[in-house]
Amino acid sequence: MRVMKFGGTSVGTVPSLRNVKHIVENTSGPVVVVVSALGGVTDLLIKGARLALDGMEWDKTLRTVEGRHRDIVFSPLVAADLQDATWKEVSDLLALLRNYYTGISLLNDLSERTLCNVVSLGERMSSLIISRIIDDAALYQSMDFIKTERWFGKNIAVTDLTDSLICRRFSDLGTSCRVAIAPGFISTDRDTGDITNLGRGGSDYTAALIAAALEADVLDIWTDVDGFMTADPRIIKEAKVIAHLSFLESMDLCNFGAKVIYPPTIYPVFHKNIPIRILNTFNPEAPGTIITDEHKASSLQLFRGVTSIPEVSVIDVGETESLRAPELHTRVLNVLSKHGIEVLLSASALKGMKAAVRRSDAAAAMRALREDFAGEGSEATSPSLDEHADVSAISAVGENIKLHPDTSCRLSDTLQDAGIDVITSATGASGFTFTMIVPQALHKEALTALHRLI
Ligand code: ASP
Ligand code: MG
C-alpha cells in the first residue's frame, strides 16, 4: 500500500482538486490520502481569531472561508446528489467556527487551546469534502489516532501510541474502501483528549506517521514544486531539481532551511526504510525527487544543495576563571536543550563559545542562559553574554562533504573571495553539512557564490 499527502495548494481550488482526483483514482491497491486545509485557509482561520480577540470585524473572514468551501462542494467534483448533504456537514463545522469567534470576542481571550480548535476546522472541512470527491473513499479521523503530549510548551507526537492506534484503525483498509482520506496536521492530547496539532506544515508529518505505522511501500508528498532543488529557486534562478537524495541529506536540507517538507517528516519513514517521493500536483509527469537510504551522488560533486535560514542570532558566551571554554560549551548546549531550544551551530571561540539559534528563539535562549549563570555568583564573575542579530546561516549539504574534508575550507574561501565575512562556521553532527554564519544583508550573495560550486 502507499500513503500520499496533498498540500494546501494541491487541494486549494476546483482545477487542482481535479488533478488530485485523477492522481488518486489512477493508483491501484489500497491508499491513504492525507490532506491539508485548502490553501490559505489555516492563515484565514488564525486571522479571524486574532480579529475577534482585538474586538474587530471577523465576519468577512468567516464568509471568505465559507465561500472557499462552498465553491468546491457545489462544483461538478462532488456528485449532485451528495452536494446538499456534504454542505450540511461543512455548515456544522462553520457554525462551530462562528461560535468560537463569538466566544473569543466576548471573552476577549484566545488561549492556545482555543486556537487549536479553530485551526483544526481547516483540515476537518477539507478532508470531509475530499472524501466525497474521490471514488471508493472513506474519511478516517486523524484526531482519533494521532496523539500528542506536552514537551517544553509544545505538542509533540507520542509515536508508539500513535503507531498502534493507526494500525488498529486502518486494519479495514482495502476491504471497507480502497481509499482512506485523513486530515493532516490535527491530533489530540493523549491525556486530556483536547484538540492539538503537529505545528504549521505538520500534514507531511501526519502522512509520515501513517506510512511508518502501516509499513507503506512508499510515501508520496504531492506539492507545488518539482522536488528538492539545489537552492531556493526564488533566490537562485539556476537552481535545479535534485533527482535523488539520501534520507540523511534530505534531513539536513530540511533542518537547515529547505521548505519542501516539514523537517520531522523524514524520521519515522527513515527508520522503516520507506522511500519518499516529492511530486508536483501541477506537473505530475515530472520525476520529482526520490529519497532513499542509498547514496548515489557522483563522488565528483562537492555537495548536493545549499540552504539558508535568513533570521538567526549568534550568542557569544565568554569564559571565566572558574568556567573555562570546554566546560562552558557543554553547559550552554545543555541549558539550551533543556529549554527545548534548537542550536543550529555551536563553535568554540578564543575565550568562550558561540551558539547560533533561530532569531525567534534568541530571547528565550538569552533568558535561559542568564538564569542559569546567575548561580555563578555576581555579574562580574559569571560568563558574559552577547547577542548578535542580523546574521544568517548558510549551509552546504551533501554526503560527499564527509568524504572530502577540505570542502569546508573551499566553501569558506569562496565566501571570503566574494567579500563575505564568515562570522563563524561549523560542521553539523551528521558530518556532511557545513554551516557558515554571514551578515544577513549578504545572505543572497553568499548563496549565489556557493551555488556556483555545485
Ligand atoms: N494546514 C496546516 C498549515 O497550513 C498544515 C499543513 O498544511 O501542513 O500549516
Ligand atoms: Mg507544507
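Residues numbered from 1 in each chain as written. Chains lettered and ligands numbered in written order. Predicted model: local features only at pLDDT ≥ 70, side-chain atom pairs only at ≥ 80, totals over all residues. Heavy atoms only, no water.

Asks: Talk me through the environment of Ser-203; I want residue IDs and the actual numbers.
Replies: Among the secondary structure elements, Ser-203 is positioned in helix H8 (residues 203-213). Look at Ser-203 and you get buried, because its relative accessible area is 3%. A sequence separation of 80 residues divides Ser-203 from Glu-123, and the C-alpha atoms of the two residues are 9.2 Å apart. With sequence-adjacent residues up to four places away left out, Ser-203 is seen in contact with Lys-5, Val-34, Val-35, Ser-36, Glu-123, Gly-184 and Phe-185. (Helix = DSSP H or I, 4+ residues; strand = E, 2+ residues; numbered from the N terminus. Buried < 20%, exposed > 50% of the residue type's maximum accessible area, 1.4 Å probe, protein only. Contact = heavy atoms within 4.5 Å.)

Asks: Got a sec to walk through the packing of helix H3 (residues 59-73) against helix H5 (residues 112-133)? Specific residues and values, please.
Replies: Running from N to C, H3 and H5 cross one another at 10 degrees; their axes reach a closest spacing of 11 Å. Considered as vectors, H3 and H5 are oriented roughly parallel to each other. Residue-level inspection shows Val-65, His-69, Ile-72 and Val-73 of H3 in contact with H5, the latter providing Met-125, Ile-129 and Ile-133. Here the contact of H3 with H5 is composed, by residue class, of six nonpolar, one polar and no charged. (Axes fitted to C-alpha atoms, helices over the stretch in contact; angles between N-to-C directions. Parallel < 35°, antiparallel > 145°, perpendicular 65-115°, else oblique. Nonpolar A, V, L, I, M, F, W, Y, C, P; charged D, E, K, R; others polar.)

Asks: Please set out the site of ligand 1 residue by residue, giving values where relevant.
Replies: The immediate surroundings of ligand 1 are formed by Ser-36, Thr-42, Glu-123, Phe-185, Arg-200, Gly-201, Gly-202 and Ser-203. A distance of 2.9 Å separates an oxygen atom of ligand 1 from a polar side-chain atom of Ser-36. Coverage of ligand 1 by the protein amounts to 85% of the 260 Å² it exposes when considered alone. A breakdown of the residues in the shell around ligand 1 according to their chemical character gives one nonpolar, five polar and two charged. (Near = heavy atom within 4 Å. Polar contact = N/O pair within 3.5 Å; in protein donor to acceptor, adjacent residues only side chain to side chain. Areas by Shrake-Rupley, 256 points an atom, 1.4 Å probe, with all protein chains shown as cover.)

Asks: Which residues make up the sheet that holds strand S6 (residues 179-183), and what values go with them?
Replies: The sheet built from eight strands is open, its strands ordered S3-S6-S2-S1-S9-S11-S12-S10 with mixed pairing. Two strands in the sheet have a free side with no partner beyond their single neighbour: strand S3 (137-139) and strand S10 (244-246). In this sheet, adjacent strand axes meet at a mean angle of 20 degrees when their direction is disregarded. Examined bridge by bridge, strand S1 (residues 2-6) and strand S2 (residues 31-35) share five bridges and lie parallel to one another. Residue pairing across strands places Met-4 opposite Val-33, the latter belonging to S2. Of the strands in this sheet, S10, strand S11 (276-280) and strand S12 (289-292) touch helix H9 (residues 247-255), which is tilted by about 90 degrees from S10. (Pairing = 2+ DSSP bridges.)

Asks: So what's going on with the packing of aromatic side chains? Which residues, and what values?
Replies: Counting across every chain of the model gives eight aromatic pairs. Where Tyr-140 meets Phe-170, the ring centres are 4.7 Å apart and the plane angle is 15 degrees; that geometry is what we call stacked. Here Tyr-140, found in the loop between S3 and helix H6 (142-145), pairs with Phe-170, found in the loop between helix H7 (159-169) and S6; they are 30 residues apart in sequence, far enough to count as distant. One aromatic cluster is present, formed by Tyr-140, Phe-145 and Phe-170 through successive ring pairs. (Phe/Tyr/Trp six-rings, centres within 6.5 Å; stacked < 30°, edge-to-face > 60°.)

Asks: Describe the pairing of S11, naming the residues involved and giving the relevant values.
Replies: Most of S11 sits out of view: four of its five residues are buried. Examined bridge by bridge, strand S9 (residues 218-223) and S11 share five bridges and lie parallel to one another. Counted as the bridge partner of Asp-220 is Arg-277 from S11. Here S11 pairs with S12 via three bridges, running antiparallel. Each bridged residue has a counterpart across the sheet, and for Ile-278 the counterpart in S12 is Thr-289.

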